Amino acid sequence: MAKLILAVAALLASSANAFTPIASSNILSNHASSVALGMVADEHGSKRKRALKTLAKTAGVLSTVAFATAGLPPAALAAKKVKEVVEVVEAVDNTQKLLAAGAGVIAAGAAVITLTSGSGEKAQDFLETEPYWDQSSVPVNVYKNKAPFTGKVVSTKRIVGPKATGETCHIVIDHKGDFPYWEGQSWGVIPPGTREKDGKPHSVRLYSIASSRYGDDMTGNTGSLCVRRATYWCPELKADDPTKKGICSNFLCDTEPGAEVMMTGPAGKVMLMPEEDPTTDYIMVATGTGIAPFRGFVRRLFAENTPAAKAYKGQAWLFLGVANSDALLYDDEFQEAKASFPDNFRLDYALSREQENKKGGKMYIQDKVEEYADEIFGKLEGGAHMYFCGLKGMMPGIQEMLAEVCKSKGVDYDVWIKGLKKAKQWHVEVY
């Protein structure tokens, strides 16, 4: 990242013969546009100032995006911004050479971004096996109940709007690189304290990990959980009954930076992505916090500079069911992936309190999936992998829908679904 900022600084310095900067102390900041705004122009200054202002803003955007994500997608965004700068160059008199050179510097900076992460100048390839799709060394149950791992909370943030049904939090936990995991696995959490009934420690609660193996900061030192606070509404009290609230979910949602979390795992292999064939389609169906493993999938494939991302040529199709728009989880990330990779990422939401199904009832996740019944059947026939995570209540409707499709095609559903399971194309983690 330092290379990119220095490149931008060099670009601005090279234009001194046309503009005189009134300040240079901020030239190495990621808001390079603050320098350009103080330029004193010559007789063609208005056009030149507008052009350089656009260039400086572009440089600022690139470095800001790089600081925020430090992965592969910024390169695509950078290319778009470079194109914008070149268009400005063509429209402004006597600035072609200056801004064309600037566009070249920014393009070079974009190349630097693709090779750096938030922790240093590395791509997200330092936690990979050889080859990257080999699953023979997936870590499982490294830490157990009697000897759990102690992680420390980095941040806890509410991630739903005011009209969401309940509170959902995104919790980032520091494990210092000592608790590796793969996308699709779960962490066990042991809440502090003891059970009232017998004084024994609380049992482990499993939570699907909501980040890739590199963590949100892409250092490989953190992992994230997506947790909905479990509460019980008492009709007699007409309020939440604190004696019946979820012990572990409330503990996690109430944590502050530095809080210790006793953890076990990582658990499970059923939700892993098979990456050997980069043309494999993934169909992901989630309700609520069941989105967690799929956020890890999407980040690995579309938000990070991983070997899997570079190779992927298939289509990842995400279905998410929640109550309303305020309850959507990680929508900004999914929309960015959709915009950047329209051929490889599809996104469908089922909003039960805002949408209607074809029968005029509430739109639940199984209703949304049913809209694409034939296409999904075809993808599964072609080798796609289908994943389910969230409330088990969605499963009967989806299975009935697929059974109807099989019937219309003269296929025995029971035989067909057994074939999918045997081929490990059917992945279910519901509760």
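(A) Here's a closer look at the sheet that holds strand S1 (residues 149-158). Spatially, S4-S3-S8-S1-S2-S5 is the arrangement adopted by the six strands of the open sheet, whose pairing is antiparallel. Because the sheet does not close on itself, it has two edges, and the strands there are strand S4 (205-208) and strand S5 (222-228). For this sheet, the mean angle separating the axes of adjacent strands, direction not counted, is 40°. Pairing of strand S3 (residues 186-190) with strand S8 (residues 260-267) involves four bridges; the strand directions are antiparallel. Each bridged residue has a counterpart across the sheet, and for Gly188 the counterpart in S8 is Thr264.

(B) Up close: the packing of aromatic side chains. In the structure shown here, the tally under the stated rule is 21 aromatic pairs. Residues Tyr181 and Trp187 carry aromatic rings whose centres are separated by 5.3 Å and whose planes lie at 75° to one another, so their mutual orientation is edge-to-face. Exposure remark for Tyr181: the relative accessible area of 2% places this residue in the buried category. The exposure class of Trp187 is buried, given its relative accessible area of 0%. Following the ring pairs from residue to residue traces out a cluster consisting of Tyr282, Phe294, Phe297, Phe302, Tyr312, Phe334, Phe341, Phe345 and Tyr387. The aromatic ring of Trp182 is capped on one face by Arg213, whose charged end is 4.2 Å from the ring centroid.

(C) A look at the pattern of salt bridges. According to the stated counting rule, one finds 16 salt bridges in the structure shown. We note a salt bridge from Glu375 to Arg346, for which the minimum N-O separation is 2.5 Å. Here Glu375 is found in helix H11 (residues 373-381), whereas its partner Arg346 is found in strand S11 (residues 345-351), with 29 residues between them in sequence. The closest approach of N and O atoms between Glu370 and Lys358, which form a salt bridge, is 3.4 Å. Residue Glu370 is found in helix H10 (residues 365-370), and its partner Lys358 is found in the loop between S11 and H10; the two are separated by 12 residues along the sequence. Look at Glu370 and you get partly exposed, because its relative accessible area is 30%. Residues joined in a network through salt bridges with shared partners are Glu128, Glu183, Arg213, Glu275 and Arg300.

(D) Region of the structure containing the layout of surface pockets. Taken as a whole, the largest pocket holds about 970 Å³ of empty space. Lining the largest pocket are 40 residues, with Thr287, Gly288, Thr289, Leu391 and Tyr431 sitting closest to its centre. Counting residues per element, the ones that place at least two in the lining of the largest pocket are S4, S5, strand S10 (316-322), H10 and strand S13 (426-430). Of the residues belonging to the lining of the largest pocket, the class tally is 22 nonpolar, 14 polar and four charged. If you add up the space inside the second largest pocket, you get close to 350 Å³.

(E) View of the pairing of S11. When you tally the buried positions in S11, you get six out of seven residues, the bulk of the element. Judged from the seven bridges that link them, S10 and S11 form a sheet pairing that is parallel. Counterpart to Phe319 in the pairing with S11 is Asp348. In terms of handedness, the path from S10 via helix H9 (residues 331-340) over to S11 forms a crossover that is right-handed.

(F) Just the side chain of Asp281, in detail. As for its position among the elements, Asp281 is in the loop between S8 and strand S9 (282-287). Engagement of the side chain of Asp281 in a polar contact is seen with the side chain of Lys379, the distance being 3.0 Å. The residues contacting Asp281, other than those within four sequence positions of it, are Tyr312, Gly314, Gln315, Lys379, Ala384 and His385.

(G) View of the environment of Met394. Within the element layout of this structure, Met394 appears in helix H12 (residues 394-408). Spatially, the C-alpha atom of Met394 lies 9.6 Å from that of Gly321, the residues being 73 residues apart in sequence. Apart from the residues lying within four places of it in its own chain, the contact partners of Met394 are Val285, Thr287, Ile365, Gln366, Phe388, Cys389 and Val430.

(H) Representation of H12 within the structure. Taking 1.5 Å per residue, 15 residues should reach 21 Å; H12 reaches 22 Å between its end C-alpha atoms and fits that length. Looking only at H12, the buried set comprises Met394, Met395, Ile398, Met401, Leu402, Val405 and Cys406. For H12, the buried positions fall inside an angular range of 140° around the axis, keeping them on one side. Along H12, the residues that are exposed and aim more than 90 degrees away from the buried face are Glu400, Glu404, Lys407 and Ser408. Buried residues along H12 sit against S9, H10, H11, strand S12 (385-390), helix H13 (413-422) and S13. One or two steps after H12, the chain reaches Gly410, where phi turns positive at roughly 70°.

(I) Fine view of unusual backbone geometry. A cis amide bond links Glu130 to the next residue, Pro131, at an omega of -5°. Within the element layout of this structure, Pro131 appears in the loop between helix H5 (96-114) and S1. A cis amide bond, omega -5°, links Gly265 with the succeeding residue Pro266. Among the structural elements, Pro266 can be located in strand S8. In this structure, Lys176 is a non-glycine residue whose phi angle is positive, near 55°.

(J) Spotlight on the nonpolar core. Core analysis: the largest hydrophobic core is formed by 35 residues, its most contacted members being Ile291, Phe294, Leu301, Phe302, Leu318, Phe334 and Phe345. Per-element accounting of this core gives the leading share, six residues, to helix H7 (residues 292-303). Apart from the residues lying within four places of it in its own chain, the contact partners of Phe345 are Val298, Phe302, Ala316, Leu318, Phe334, Ala337 and Lys338. In this structure, Trp317, Ala350, Leu402 and Ile417 belong to the second largest nonpolar core, which totals 27 residues.

Criteria and cut-off values
- Residues numbered from 1 in each chain as written.
- Predicted model: local features only at pLDDT ≥ 70, side-chain atom pairs only at ≥ 80, totals over all residues.
- Heavy atoms only, no water.
- Pairing = 2+ DSSP bridges.
- Helix = DSSP H or I, 4+ residues; strand = E, 2+ residues; numbered from the N terminus.
- Axes fitted to C-alpha atoms, helices over the stretch in contact; angles between N-to-C directions.
- Phe/Tyr/Trp six-rings, centres within 6.5 Å; stacked < 30°, edge-to-face > 60°.
- Buried < 20%, exposed > 50% of the residue type's maximum accessible area, 1.4 Å probe, protein only.
- Lys NZ or Arg CZ within 6 Å of the ring centre and 35° of its normal.
- Salt bridge = Lys/Arg side-chain N within 4 Å of Asp/Glu carboxyl O.
- 1 Å grid on protein atoms, 1.4 Å probe; cavity = no way out; pocket = protein on both sides within 12 Å on 5 of 7 lines; lining within 4 Å.
- Points joined across faces, edges and corners; volume = space filled by probe spheres on them.
- Nonpolar A, V, L, I, M, F, W, Y, C, P; charged D, E, K, R; others polar.
- Right-handed = clockwise from strand over helix to strand, strands pointing away.
- Polar contact = N/O pair within 3.5 Å; in protein donor to acceptor, adjacent residues only side chain to side chain.
- Contact = heavy atoms within 4.5 Å.
- Expected span 1.5 Å × (residues − 1).
- Arc of directions from axis to C-beta.
- Core = buried A, V, L, I, M, F, W, Y, C linked by side-chain atoms within 4.5 Å.

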